[in-house]
Amino acid sequence: MAKACACHILVKTQEEAEQLKKQLAKGANFQDLAKKHSLCPSGKKGGDLGEFRPGQMVKAFDDVVFKKPVLEVHGPVKTQFGFHLIKTLYRA
């Protein structure tokens, strides 16, 4: 069965997510921004969610992690939790 490892930054607004994405495009460190801005407890670990399988995350999140290119920042992705910037580290 497929599995993946991803990290994310969770914020309240689409605007905030887009601002962070611009910072990342300019070379900002993903883990540093996650520690500073993410509302998810994973923020303390630089946004690292560890390894998981399809169906363990909400569908919108899964679609990015299991279908979009790895090692790129995707988003903002809206879920019931807020807006995510997602970076898939690997898929196996």
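The structure this text deals with has already been given above.
Residues numbered from 1 in each chain as written. Predicted model: local features only at pLDDT ≥ 70, side-chain atom pairs only at ≥ 80, totals over all residues. Heavy atoms only, no water.

**Some remarks on the side chain of Thr79**
As for its position among the elements, Thr79 is in strand β3 (residues 73–79). Engagement of the side chain of Thr79 in a polar contact is seen with the side chain of His84, the distance being 2.8 Å. Not counting the four nearest positions on each side in its chain, Thr79 is found in contact with Val58, Ala60 and His84. (Helix = DSSP H or I, 4+ residues; strand = E, 2+ residues; numbered from the N terminus. Polar contact = N/O pair within 3.5 Å; in protein donor to acceptor, adjacent residues only side chain to side chain. Contact = heavy atoms within 4.5 Å.)

**Quick look at the environment of Ala2**
On the secondary structure map, Ala2 appears in the segment before β1 (4–11). By relative accessible area, which is 35% here, Ala2 ends up partly exposed. For Ala2 and Arg91, which are 89 residues apart along the polypeptide, the C-alpha to C-alpha distance reads 7.2 Å. If near-sequence neighbours (up to four positions away) are discounted, Ala2 is found in contact with Arg53, Pro54, Phe66 and Ala92. (Buried < 20%, exposed > 50% of the residue type's maximum accessible area, 1.4 Å probe, protein only.)

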